[in-house]
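Each chain is listed here by its residues.
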Amino acid sequence: MKGPLLGTMFSRHVKRHPGLIPLIGFISVGLGSAVLYLLRLALYSPDVSWDRKNNPEPWNKLSPTDQYKFLAVSTDYKSLKKDRPSF
């Protein structure tokens, strides 16, 4: 491979243009938080079924006190009672 590596070229470019440092930081934080939110949705959402043979309907196993929303402003999940039939 001829020429400098990509990391060296990137560091030289950032040293020449220091105004890019905040931009790179904010883009990195935004991408990181988007990836973490997508992982949270994939792992903790009741709408996602990773194992269809053993757990075909994961939303039926939720109790009324399970909080699956990211932010619940006015709902206290601990005081809710079951108002639906068990299947």
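Residues numbered from 1 in each chain as written. Predicted model: local features only at pLDDT ≥ 70, side-chain atom pairs only at ≥ 80, totals over all residues. Heavy atoms only, no water.

Labelled according to an unreviewed UniProt entry, the protein chain appears under the name Nadh dehydrogenase, originating from Limosa lapponica baueri.

A. Broad picture of the overall build of the protein chain. Counting its secondary structure elements, the protein chain contains 2 helices and 0 strands. Sequence separation of at least 24 residues holds for 11% of the intrachain contacts in the protein chain that already meet a minimum separation of 6. (Helix = DSSP H or I, 4+ residues; strand = E, 2+ residues; numbered from the N terminus. Contact = heavy atoms within 4.5 Å.)

B. Inspection of a nonpolar patch on the surface at higher detail. A cluster of nonpolar side chains, contributed by Val35, Leu36, Leu39, Leu43, Tyr44, Val48 and Trp50, occupies part of the molecular surface with about 810 Å² of accessible area. With respect to the secondary-structure elements, Val35 resides in helix H2 (residues 20-44). (Patch = residues over 30% accessible without salt bridge, like charges linked within 9 Å, V, L, I, M, F, W, Y side chains within 5 Å. Areas by Shrake-Rupley, 256 points an atom, 1.4 Å probe, with all protein chains shown as cover. Salt bridge = Lys/Arg side-chain N within 4 Å of Asp/Glu carboxyl O.)

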